[in-house]
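# Examining the three-dimensional arrangement
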Amino acid sequence: MGYAIAMSPSSPPEPPSPLDLDEWIAILVTLTTIGGIFYWAMGKEQKQQILQDLGFSPPSPQPDSTPESPPPTKPTPTTPELSESERISRQEAEVKGNRDAGKQGRMKADSTPPTHQEPSSPTPTTPTPSVEFSDVPDEFWAKNAIAALAKQNIVVGFPEGEFKPQRFATRGELAVMLQQVFKPKSKQRAIAFKDLPPNYWGDAAIKAVAKAGIIIGYPDHKFRPNQPITRAEALVVLAKALNLKPPSEPSKTLQKYADSNKIPDYAIANVAAAVKAGLVTGYPRGNLLNPNKPATRAELAAMLHQAKFLTVSIR
């Protein structure tokens, strides 16, 4: 006997359940991510084409809104800072320049002839109510005598405004001063001195005092205008110019000087006359005459100043 197996018909499959919200969000995120990666991997032109297809236009580039910069100002010139080596070089150059200038000054000073050798002739200054020399200060012992004679153009200075009071006076300078003070009158014929150069600055004065017999020169017909004149010689000349009479006993007049024995014999009488008249000046020690010492321009000015007072009193 057979058995029949009763079979029941199969039930249809259940439909899939709908996705929940989380699954939809996950799918959307995944698609967005894949689309972003795909868009990033695309070229620039493809991106622009896609945006245009979708109706989007990329924004046009805008100019920078950077504020306008102010116009440049003109730079002020400044002295460039020197490096250490340049600064040292400049200092060395300045030192060298000062050294060279000092050397030239010394060379110039060394080239000046000594006062007792061929001195340059002084240049007359214009007489003024007050004559000032840069090397004759107010406290100088012969200041008043020099200033008084300079006002009358009897003594003159040098072009640089100096009197050079300590410089030895020459025979030529004394002749010019004598002519200015005494205006001597001619007593003899002119002497043709052999050693007066042409156009010598004191030529007229030398000839005038020679014709007056005040200074007659040397036996060899030479005047020696640039030779320093001693104090004794200056006193002799002034005594002659003033026509001073020697004292009866010259030795007694001169005995107050410790060095009176050094006075040359030919000069004793006239020096004694000059001493008696008060022409001797220039030394603080009253017992010294220094007859053979060359007279300075200051000493000669002091003697002439005294002689000028005597000239006025005699007249």
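See above for the structure.
Residues numbered from 1 in each chain as written. Predicted model: local features only at pLDDT ≥ 70, side-chain atom pairs only at ≥ 80, totals over all residues. Heavy atoms only, no water.

### With respect to the overall build of the protein chain
Helix and strand counts for the protein chain stand at 10 helices and zero strands. Along its sequence from the N terminus, the protein chain presents helices and strands in the succession α-α-α-α-α-α-α-α-α-α. Accessible area for the protein chain stands at about 21800 Å²; split by element, carbon and sulfur atoms hold 57% of it. (Helix = DSSP H or I, 4+ residues; strand = E, 2+ residues; numbered from the N terminus. Areas by Shrake-Rupley, 256 points an atom, 1.4 Å probe, with all protein chains shown as cover.)

### Looking at the nonpolar core
Core analysis: the biggest nonpolar cluster contains 56 residues, and Ile146, Leu178 and Val271 have the highest contact counts within it. At the level of secondary structure, the elements contributing two or more residues to this core comprise α4 (143–151), α5 (171–182), α6 (203–211), α7 (231–242), α9 (268–277) and α10 (297–314). Considering every element that reaches this core, the biggest residue donor is α7, with nine residues. (Core = buried A, V, L, I, M, F, W, Y, C linked by side-chain atoms within 4.5 Å. Buried < 20%, exposed > 50% of the residue type's maximum accessible area, 1.4 Å probe, protein only.)

### Notes on the side chain of lysine 143
In this fold, lysine 143 is placed in helix α4. Judged by its relative accessible area of 10%, lysine 143 falls in the buried class. Dropping the residues within four chain positions of it, lysine 143 is found in contact with Glu132, Val136, Pro137 and Asp138. (Contact = heavy atoms within 4.5 Å.)

### A short note on the environment of asparagine 153
Note that asparagine 153 resides in the loop between α4 and α5. Take asparagine 153: its relative accessible area is 22%, and that puts it in the partly exposed class. Along the backbone, asparagine 153 and valine 181 are 28 residues apart, and their C-alpha atoms lie at a distance of 9.8 Å.

Take it as geometry only, folks, not as evidence of what the structure does.
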